[in-house]
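Each chain, written out:
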Amino acid sequence: MRLTILTTATLAAVVGCAGLAAVTTLPASASTTAASTTAASSMAADFSGYQIVKLPNANVPNFTRRVVRCPAGKRAIGGGAEAQGNRAILVGSFPTEDGSGWYGIGRQDGYNDVGISVYAICANVG
């Protein structure tokens, strides 16, 4: 088993805020160094203003994208979606191209529409 440690710069690159940095992979038995501990501590400080934004359930035509956006100045650092209804299937759940929100897509077998709720985990990133 291996443990992957993401630096603040790597995580920021994933959410579109900074250049890429190396990802360090260590054996699970390895201890963390002061540098990785410092990076982990500073990472928590970089994500202030944490909040979950919800787009409540609504019926939409099958395969229609629903999107929830973070408040101005915040980025989506995670998210998810839920398909609701008899035989409902979540088809997609992924961040927007610009990192400002989250998409949810679904379908419902035997029906023309599906209930979709979408959530974004938003934070100040910088």
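Note that this is a predicted model, so its numbers are computed, not measured.

Chemist: I keep staring at the nonpolar core and nothing clicks. Help me out?
Modeler: Side chains of a nonpolar character, in soluble globular proteins, are inclined to be buried together. Membership of the largest hydrophobic core comes to 13 residues, with the highest contact counts inside it found for Val 68, Cys 70, Trp 102, Ile 116, Val 118, Ala 120 and Cys 122. When residues of this core are traced back to their parent elements, those giving at least two are strand E3 (47–61), strand E5 (75–84) and strand E8 (113–125). When residues in this core are grouped by element, the largest group, five residues, is from E8. Those residues within four positions of Cys 122 in sequence are excluded, and the remaining contacts are Gly 49, Tyr 50, Gln 51, Val 53, Cys 70, Pro 71, Lys 74, Arg 75 and Ala 76.

Chemist: Which parts of the structure should I look at to understand the sheet that holds strand E6 (residues 88–95)?
Modeler: The strands making up a sheet associate through hydrogen bonds between their backbones, and the pairing can be parallel or antiparallel. Ordered in space as E4-E7-E6, the three strands form an open sheet in which the pairing is antiparallel. Each end of this open sheet is capped by a strand with a single partner; those strands are strand E4 (66–69) and E6. Taken pair by pair, the neighbouring strands of this sheet meet at an average axis angle of 20 degrees, ignoring direction. Where E6 lies against strand E7 (residues 101–108), seven bridges are found, and the strand directions are antiparallel. What sits directly across from Ser 93, in E7, is Gly 104.

Chemist: What should I look at first to understand the state of the cysteines in this one?
Modeler: Throughout this description, disulfide means a covalent bond between two cysteine sulfur atoms. Scanning all chains against the criterion turns up one disulfide. For Cys 70, the disulfide goes to Cys 122, at an S-S distance of 2.1 Å. Around the S-S axis, the bridge from Cys 70 to Cys 122 shows a dihedral of about -80 degrees and counts as left-handed. With Cys 70 in the loop between E4 and E5 and Cys 122 in strand E8, the pair connects residues that are 52 residues apart, well separated along the chain. Residue classification places Cys 70 among the buried residues on the basis of a relative accessible area of 11%. Overall, the relative accessible area of 0% leaves Cys 122 in the buried class.

Chemist: Explain the environment of Tyr 119 to me, please; I cannot follow it from the model alone.
Modeler: Inspection of the secondary structure assignment puts Tyr 119 in strand E8. For Tyr 119, a relative accessible area of 26% translates into the label partly exposed. Sequence separation between Tyr 119 and Ala 81 is 38 residues; the distance between their C-alpha atoms is 6.0 Å. If near-sequence neighbours (up to four positions away) are discounted, Tyr 119 is found in contact with Ile 52, Val 53, Lys 54, Val 68, Gly 79, Gly 80, Glu 82 and Trp 102.

Chemist: For this particular structure, what's the right way to read the packing of aromatic side chains?
Modeler: The description of an aromatic ring pair uses the distance of the two centres, along with the angle that the planes make with each other. This structure, assessed with the given rule, holds one aromatic pair. Ring centres of Phe 94 and Tyr 103 lie 5.2 Å apart, and the angle between their planes is 50 degrees; this geometry places the pair in the tilted category. A relative accessible area of 26% places Phe 94 in the partly exposed class. Above the plane of the ring of Tyr 103 lies Arg 65, whose end atom (NZ or CZ) is 4.7 Å from the centre.

Cut-off values and rules
- Residues numbered from 1 in each chain as written.
- Predicted model: local features only at pLDDT ≥ 70, side-chain atom pairs only at ≥ 80, totals over all residues.
- Heavy atoms only, no water.
- Core = buried A, V, L, I, M, F, W, Y, C linked by side-chain atoms within 4.5 Å.
- Buried < 20%, exposed > 50% of the residue type's maximum accessible area, 1.4 Å probe, protein only.
- Helix = DSSP H or I, 4+ residues; strand = E, 2+ residues; numbered from the N terminus.
- Contact = heavy atoms within 4.5 Å.
- Pairing = 2+ DSSP bridges.
- Axes fitted to C-alpha atoms, helices over the stretch in contact; angles between N-to-C directions.
- Disulfide = S-S within 2.5 Å.
- Phe/Tyr/Trp six-rings, centres within 6.5 Å; stacked < 30°, edge-to-face > 60°.
- Lys NZ or Arg CZ within 6 Å of the ring centre and 35° of its normal.

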